[in-house]
Amino acid sequence: MLTINLIREKRDFISDRLKIKNFNSEEILDKILELDSRRREIQSRSDTMQAEMNRISKEIGSLMMQNRKTEAESAKENTYRLKEEIRELGEELGRLDSELREEIIRLPNLPHESVVRGSSSEDNVKVREGGEKPSVPADALPHWELIRKYDIIDFDLGNKLTGAGFPVYKGKGAKLERSLISFFLDEGVSAGYTEVIPPIVVNEDSGFGTGQLPDMEGQMYHMTLDNFYLIPTAEVPVTNIYRDVILNAEDLPVKNIAYTPCFRREAGSWGAHVRGLNRLHQFDKVEIVQIAHPDHSYKALDEMVNHVEGLVKKLGLPYRIMRLCGSDMSFTSALTYDFEVWSAAQERWLEVSSVSNFESFQANRLKCRFREKGGKQTRLAHTLNGSALALPRIVAAILENNQTPSGIRIPQALIPYTGFEMID
RNA sequence: GGAGAAAUGGCAGAGUGGUCGAAUGCGGCGGUCUUGAAAACCGUUUUCCGCCCGCCGGCGGAACGGGGGUUCGAAUCCCUCUUUCUCCGCCA
């Protein structure tokens, strides 16, 4: 959510920047400015009347104490009309507040100055590339056949228990999954992140705080009886730890890492290219989250990108880092780097991580603020997060890229975790 | 699930209708003293919105778990929701 101050002061700048995201904001901005000036006018009037009301009330109080009942009664006469007007202004103010909020919420975050406009994912900018594409035989199997061949992930069984997109990991498949989670967490902790295990069910306020609500309502599993949501990413509970929190500047950056299962309805996005592990309703992910000082948040973003790059390197996966163009970026992000790994049998790049700086966009919803040492004023912090990493496509790439006639080779870095070198 | 009690500032804890944004203590910050520190003493210390305002600041309004109500006036009375604690029941 953009701040009303920014909108007041830099209307045209905002309008220009949002064009990079192919978002036409003219009408919304005009409406916001109009609502805002009406709101302020009403508040001034209401404040003045309440001040008057408070004055009279105090007067009545002191008259009562002096036992001057008749004077007190006549003073009361003056309050009835005032009270009614205050009530009406209060209602008007409430209406304007919520209307204003509704409009502001419709505006996406401003893209960082390095973001190009673009019209699709084709226009994402390759930042760098690493690792070597493996040479696999022409008859290399895609992962959905490999998992059957070695009986390590079972979609049919998941279908029986729940439905499509809820696989069951078995034997070495389960161990591989658990090993990757531990590996990612350990790497994060070594890099200075504090591990947390948050709830995977959140309330409406949390969903709103990080921006999934109301925009992505249909993408989350909603437990209507309790009005809870299954989290689509650990970003939601972990970032919301800092909702309504005022941090000290010297405590920044705050760095958290969390493993959670993630749940996505993926309504409407099923189709080609989503076979096997490419798209699931439930999947595992390790997420890194930082709350940073606004002056250093892009340094934090670089650090996070380097961290994720280290992970894919250690796993020996060919990867590329893409800076998303405006039209491919999320509503809430100011700058996003996507990580893709090469999937040898599918011969495609698979997105395995998205690392973003949200600047103050989430923080404004969350009311996540900080105070400079010795300072009095609070400022909005910057929030960042990134997958480090999402498991299913990593598993798919490891299976496909490392297949050999004698089985699937486990990456060196994972062997201490799996305890075996081959899936065979 | 049943019965009872409670929710106040960073923390502890007073406050049962009027001058209470809130005593007091602790903690924090600034200062005096000291070579330095401690102790002592003095001062200061919630957040949001609006107006004036370059900044400092000033003025007004709101907020005592959330929401609603009674009243000229609510931390204080009423309703409701949530949470916590105690006892009972059940349970991984």
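**Section: the side chain of Asn364**
Next, step 1: Tracing the backbone through its elements, the reader meets Asn364 in helix α11 (residues 361-366).
Next, step 2: Residue Asn364 is classed as buried on the basis of its relative accessible area, which comes to 16%.
Next, step 3: Within the local environment of Asn364, its side chain forms a polar contact with the backbone oxygen of Leu2, the two atoms lying 3.3 Å apart.

**What to know about the sheet that holds strand β15 (residues 378-380)**
Next, step 1: On the basis of which strands lie adjacent, the open sheet formed by 3 strands has the order β8-β14-β15 and mixed pairing. Taken across any chain shown, the strands that pair with only one partner, and hence form the sheet edges, are β8 (246-248) and β15. Going across the sheet, the axis of each strand differs from the next one's by a mean of 40°, ignoring polarity.
Next, step 2: Of the pairings in the sheet, the one linking β8 to strand β14 (residues 369-371) comprises 3 bridges and is parallel in character. Counted as the bridge partner of Ile246 is Arg369 from β14.

**A look at the packing of aromatic side chains**
Next, step 1: The tally for this structure, following the rule as stated, stands at 5 aromatic pairs.
Next, step 2: Relative to Tyr417, the ring of Phe183 lies with its centre 5.9 Å away and its plane at 75°, an arrangement referred to as edge-to-face. Residue Phe183 is found in helix α7 (residues 172-190), and its partner Tyr417 is found in helix α13 (residues 415-418); the two are separated by 234 residues along the sequence.
Next, step 3: The class for Phe183 is buried, based on a relative accessible area of 2%.
Next, step 4: For Tyr417, a relative accessible area of 24% puts it in the partly exposed group.
Next, step 5: Relative to Trp349, the ring of Trp342 has its centre 5.3 Å away and its plane inclined at 65°; by these criteria the two rings are edge-to-face.

**A few points about the protein's contact with RNA strand B**
Next, step 1: Around RNA strand B, the surrounding shell holds 23 residues, and the nearest of these are Gln43, Asp47, Ser57, Met65 and Arg371.
Next, step 2: Sugar and phosphate atoms represent 69% of those atoms of RNA strand B found within 4 Å of the protein.
Next, step 3: For RNA strand B, a base nitrogen lies 2.7 Å from a polar atom in the side chain of Asp47.
Next, step 4: A distance of 3.4 Å separates a sugar or linking oxygen of RNA strand B from a polar atom in the side chain of Thr79.

**A short note on the pairing of strand β10 (residues 282-292)**
Next, step 1: Most of β10 sits inside the fold, with 10 of its 11 residues counted as buried.
Next, step 2: Where strand β9 (residues 254-263) and β10 come together, 10 bridges link them in antiparallel fashion. Each bridged residue has a counterpart across the sheet, and for Asn256 the counterpart in β10 is Val289.
Next, step 3: Note: β10 against strand β16 (residues 382-390), 7 bridges, orientation antiparallel. In the strand pairing of β16, Ile291 is matched with Thr383.

**Some thoughts on the domain arrangement of chain A**
Next, step 1: When cut into domains, chain A gives domain 1 (4-105) and domain 2 (121-423).
Next, step 2: Between the C-alpha centres of domain 1 and domain 2 there is a distance of 43 Å.
Next, step 3: In total, about 560 Å² of surface goes out of reach between domain 1 and domain 2, with carbon and sulfur atoms giving 54% of it.
Next, step 4: When the area that domain 1 buries against domain 2 is broken down by residue, the three leading residues are Lys21, Arg101 and Ile105, summing to 77%.
Next, step 5: The tally of links from domain 1 across to domain 2 stands at 0 salt bridges.
Next, step 6: Linking domain 1 to domain 2 there are 3 residue pairs in polar contact (both at pLDDT 80 or more).
Next, step 7: Residues belonging to the side of domain 1 that touches domain 2 are distributed by class as follows: 2 nonpolar, 1 polar and 2 charged.

**A closer look at the sheet that holds strand β6 (residues 222-223)**
Next, step 1: Taken in spatial order, the 3 strands line up as β5-β7-β6 in an open sheet, and their pairing is antiparallel. One side of each edge strand has no neighbouring strand; the edge strands of this open sheet are β5 (201-202) and β6.
Next, step 2: Across 2 bridges, β5 lies against strand β7 (residues 228-230) in antiparallel orientation. Along β7, the bridge assignment pairs Val201 with Leu230.

**Description of the environment of Ala75**
Next, step 1: Looking at where Ala75 falls in the secondary structure, it is placed in helix α4 (residues 69-105).
Next, step 2: Measuring from C-alpha to C-alpha, the distance between Ala75 and Leu280 comes to 69 Å, with 205 residues separating the pair along the chain.
Next, step 3: Excluding anything up to four places from it in sequence, Ala75 contacts Ile56 and Ile60.

**Description of the pattern of salt bridges**
Next, step 1: Overall, the coordinates contain 32 salt bridges when judged by the stated rule.
Next, step 2: For Glu34, the salt bridge goes to Arg38, with nearest N and O atoms at 3.5 Å. One end of the pair, Glu34, and the other, Arg38, are both in helix α3 (residues 26-65), 4 residues apart, so they sit about a helical turn from each other.
Next, step 3: With a relative accessible area of 44%, Glu34 lands in the partly exposed category.
Next, step 4: Taking relative accessible area as the criterion, Arg38 reaches 34% and is therefore assigned partly exposed.
Next, step 5: Of the charged contacts in the structure, one is a salt bridge between Glu340 and Arg320, with a shortest N-O distance of 2.6 Å. Of the two residues, Glu340 is situated in strand β12 (residues 335-343) and Arg320 in strand β11 (residues 319-323); the sequence distance between them amounts to 20 residues.

About the criteria used
- Within each chain, residues carry numbers counting from 1 in the order of the written sequence.
- Chains and ligands are labelled sequentially in the order written, the chains with letters from A and the ligands with numbers from 1.
- For this predicted model, a pLDDT threshold of at least 70 governs which residues receive local features, and a threshold of 80 or more governs which side-chain atom pairs are given and counted, while totals over whole chains, interfaces and linings are taken from all residues.
- Where side-chain values are given, they derive from all heavy atoms of the structure, hydrogens and water being excluded.
- Put simply, DSSP H or I for four residues or longer makes a helix, DSSP E for two residues or longer makes a strand, and each gets a number counted from the N terminus.
- The buried label goes to any residue with under 20% of its type's maximum accessible area, the exposed label to any with over 50%, and the partly exposed label to all in between, with areas taken from a 1.4 Å probe on protein chains only.
- Pairs of N or O atoms within 3.5 Å make up the polar contacts considered here, provided that, within protein, one atom can donate a hydrogen while the other can accept it, and that residues adjacent in sequence are counted only when both atoms are side-chain atoms.
- Strands pair, by our definition, only if DSSP identifies at least two bridges between them.
- Every axis corresponds to a line fitted to the C-alpha atoms, with the helix fit spanning only the stretch in contact, and the corresponding angles, defined between N-to-C directions, vary from 0 to 180 degrees.
- Each pair of aromatic rings taken from Phe, Tyr and Trp, with Trp reduced to its six-membered ring, is defined by centres within 6.5 Å and is described as stacked if the planes are under 30 degrees apart, edge-to-face if over 60, and tilted in the remaining cases.
- Any residue with at least one heavy atom within 4 Å of a molecule or strand is counted as near it.
- Domain borders in the structure are assigned automatically or taken from a domain database.
- Using a 1.4 Å probe, buried area is obtained as the accessible area two parts lose upon being combined, added over both of them.
- Salt bridge, as applied in this entry: a Lys or Arg side-chain nitrogen positioned within 4 Å of an Asp or Glu carboxyl oxygen.
- Classification used: nonpolar for Ala, Val, Leu, Ile, Met, Phe, Trp, Tyr, Cys and Pro, charged for Asp, Glu, Lys and Arg, polar for all others including Gly.
- We call two residues contacting when some pair of their heavy atoms lies within 4.5 Å.

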